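Below, each chain spelled out in residue letters.
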Amino acid sequence: GGQILRVSTALGCLLGKPVRVRQIRAGRSQPGLRPQHLSGLEIVRDICEGKLEGGEIGSTEITFTPGKIKGGTHIADTKTAGSVCLLMQVAMPCVLFADSPSELHLKGGTNAEMAPQIDYTVMVLKPIVEKFNFTFNCDIKKRGYYPQGGGEVVVHMSPVKELSPIILTERGTVTKIHGRAFVAGALPIKVAKDMAAAAVRCIRKEFRDLYINIQPVREPDDQAFGTGSGIIVVAETSTGCLLAGSSLGKRGKNSDKVGIEAAEILLRNLKHGGTVDESLQDQLIIFMALAKGVSRVKSGPITLHTQTAIHFAQELARAKFTVKKAEEDPTKETYIIECQGMGMTNPNL
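Small disclaimer: the values here were computed from a predicted structure and weren't measured.

Visitor: Would you take a moment to explain the packing of helix α2 (residues 35-47) against helix α3 (residues 84-95) for this structure?
Guide: Two quantities define a packed helix pair, namely the angle between the axes and the distance from one axis to the other. Viewed as axis vectors pointing N to C, α2 and α3 meet at an angle of 15°, and their least axial separation amounts to 9 Å. The angle between α2 and α3 falls in the class roughly parallel. As for how α2 packs across α3, the hand of that crossing is right-handed. Here Gln36, Ser39, Gly40, Ile43, Val44 and Ile47 of α2 come into contact with α3, specifically with Leu86, Leu87, Val90, Ala91, Cys94 and Val95. Of the residues contributing to the contact of α2 with α3, the split by class is nine nonpolar, three polar and no charged.

Here it is as structure tokens:
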């Protein structure tokens, strides 16, 4: 699947190990590389001046031979609604170990199905992943939606000497819930208001007295390409944890249903008592593997994406992971993911 491709090529690039991946998306209705996978591979190749064989749409086998990681400007364009967030996922760990600052221009879908929305990346991923002791800046130039894409984000990132481990084991209590419900293109703001109101009603059943602020927004026409709608709802806790639920609108899907879906995902993620939601869980694995020292993260049920990321991080980076059920409440599906990171250091700094 696409995730194996992303994790293994990013680690190959960082560790200077050649990687061959076969049977790419072999079981899918359209097997082989799709535009978003190919642009992800191409940007990693460009970041490290590497070689890529088998890099064409529909290819089910690639060989990637990394070179030296370089900063500077790198561009990836899926030319479809392929997710810019997935492009970020593969490129970000690589440029952290470059020889100079990087500017990534990523084009495609900013709010796409089967991938984190760009709002999730900015509101949840960024503040948490920066605990590994790096910072990045994500500038949303234009939003793009299914089916045309056409969105663009620019990510600025400076390299680091090494990553610090993180400890995220104290959930604390939920202090506030905020979010944004958006429409773009041909849709009226009423759709955003309906999504927001439905989400608030749903959350209110569980949290009666909490401050909830979901802003309905109409994306400015010069900052969005095409027509789209969706919502993201983020809960903040007393210990600084951020957990979210999100959903996208599509033709024929009632706006209330979109709002309720996002709220239910959030509530489900709050129920298990972990410090991260199911979308963040697997995105932290590569950073835990690269960090110097022991990281611990408390999570809900371990997703297949997380199991996959752990497997490849252990195989390729020789990081050591353990996943244990959290002791305190045997009725809850709560786990501690612990990692002894490999302690990657940047040879360029």
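Visitor: Would you mind going over the UniProt feature "binding site: ATP" (unreviewed entry) in the protein chain with me for this structure?
Guide: Following the UniProt record, the feature "binding site: ATP" (unreviewed entry) maps to Gln89 here. As for its placement among the helices and strands, glutamine 89 is situated in helix α3. Judged by relative accessible area, glutamine 89 falls into the partly exposed class, the value being 23%. Apart from residues no more than four positions distant in its own chain, glutamine 89 is found in contact with Arg6, Pro116 and Gln283.

Visitor: Before we go on, may I ask you to explain the nonpolar core in this structure?
Guide: What tends to happen in soluble globular proteins is that the nonpolar side chains get buried as a cluster. With 79 residues, the main nonpolar core has Leu106, Phe132, Phe134, Leu163, Leu284 and Phe321 as its most contacted residues. Element by element, the count of residues in this core is highest for α3, at nine residues. Each of domain 1 (2-168 + 276-342) and domain 2 (174-271) gives at least three residues to this core. Setting aside anything within four residues of it in sequence, one finds phenylalanine 321 in contact with Ile285, Met288, Ala289, Ile310, Ala313, Gln314, Ile337, Glu338 and Cys339.

Visitor: What exactly am I supposed to notice about the sheet that holds strand β5 (residues 102-108) here?
Guide: Two strands in a sheet stick together by hydrogen bonds in their backbones, pointing the same way (parallel) or opposite ways (antiparallel). Pairing is mixed in the open sheet, where five strands are placed in the order β4-β5-β7-β6-β11. The strands lining the two open edges of the sheet, one partner per strand, are β4 (72-77) and β11 (224-225). As paired elements, β5 and strand β7 (residues 151-157) share seven bridges and run antiparallel to each other. Among the inter-strand pairings, leucine 106 is bridged to a residue of β7, identified as valine 153. Across the sheet, helix α4 (residues 118-129) lies against β6 (136-144) and β7, angled at about 175° from β6, the strand it touches most.

Visitor: Before we go on, may I ask you to explain the state of the cysteines in this structure?
Guide: When the sulfur atoms of two cysteines share a covalent bond, that bond is a disulfide. Under the definition given, this model contains zero disulfides. Of the cysteine sulfurs around cysteine 13, a residue in no disulfide, the closest is that of cysteine 94, at 3.7 Å. The exposure class of cysteine 13 is buried, given its relative accessible area of 2%. With no disulfide of its own, cysteine 138 lies 7.5 Å from the sulfur of cysteine 85, the closest cysteine sulfur.

Visitor: Is there a simple way to explain unusual backbone geometry in this structure?
Guide: In most cases, non-glycine residues show a negative phi, while peptide bonds are predominantly trans. A cis amide bond, omega 0°, links tyrosine 146 with the succeeding residue proline 147. As for its placement among the helices and strands, proline 147 is situated in the loop between β6 and β7. The phi angle at arginine 25 is positive, at roughly 45°, despite the residue not being glycine. Along the chain, arginine 25 turns up in the loop between β1 (19-21) and α2. Exposure remark for arginine 25: the relative accessible area of 12% places this residue in the buried category.

Visitor: Could you clarify how one ought to interpret the UniProt feature "domain: RNA 3'-terminal phosphate cyclase" (unreviewed entry) in the protein chain in this entry?
Guide: Those places that UniProt annotates as "domain: RNA 3'-terminal phosphate cyclase" (unreviewed entry) correspond, in this numbering, to residues 1-323. Counted over residues 1-323, helix gives 34% and strand 28%. Its end C-alpha atoms are 23 Å apart.

Visitor: Looking at this structure, I do not really get the side chain of threonine 78. What am I missing?
Guide: Topologically, threonine 78 is positioned in the loop between β4 and α3. Discounting residues that sit within four places of it in the chain, threonine 78 has contacts with Pro35, Gln36, Ser39, Leu87, Lys107 and Gly108.

Visitor: What's the story with the packing of aromatic side chains in this structure? I'm lost.
Guide: To describe a pair of aromatic rings, one takes the distance between the centres and the angle between the planes. Scanning the entire structure with this criterion turns up four aromatic pairs. Residue placement shows lysine 126 over the ring face of phenylalanine 136; its charged tip is 5.0 Å from the ring centre.

Visitor: What am I meant to see in the domain arrangement of the protein chain here?
Guide: Accessible area lost during the coming together of the parts is what is often quoted as the interface size. Under the domain assignment used here, the protein chain contains domain 1 (2-168 + 276-342) and domain 2 (174-271). Here domain 1 and domain 2 have C-alpha centroids that lie 25 Å from each other. Taken together, the contacts link 23 residues of domain 1 with 28 residues of domain 2. Scanning the region where domain 1 abuts domain 2 turns up four salt bridges. Two residues, arginine 268 and glutamate 278, come together in a salt bridge whose shortest N-O distance is 2.7 Å. Those elements that provide at least two residues to the side of domain 1 that touches domain 2 are α4 and β6.

Parameters and conventions
Residues numbered from 1 in each chain as written. Predicted model: local features only at pLDDT ≥ 70, side-chain atom pairs only at ≥ 80, totals over all residues. Heavy atoms only, no water. Axes fitted to C-alpha atoms, helices over the stretch in contact; angles between N-to-C directions. Helix = DSSP H or I, 4+ residues; strand = E, 2+ residues; numbered from the N terminus. Parallel < 35°, antiparallel > 145°, perpendicular 65-115°, else oblique. Left-handed = near helix turned anticlockwise from the far one by under 90°. Contact = heavy atoms within 4.5 Å. Nonpolar A, V, L, I, M, F, W, Y, C, P; charged D, E, K, R; others polar. UniProt positions renumbered as here; feature names shortened; annotations may be inferred. Buried < 20%, exposed > 50% of the residue type's maximum accessible area, 1.4 Å probe, protein only. Core = buried A, V, L, I, M, F, W, Y, C linked by side-chain atoms within 4.5 Å. Domains from an automatic or database assignment. Pairing = 2+ DSSP bridges. Disulfide = S-S within 2.5 Å. Phe/Tyr/Trp six-rings, centres within 6.5 Å; stacked < 30°, edge-to-face > 60°. Lys NZ or Arg CZ within 6 Å of the ring centre and 35° of its normal. Salt bridge = Lys/Arg side-chain N within 4 Å of Asp/Glu carboxyl O.

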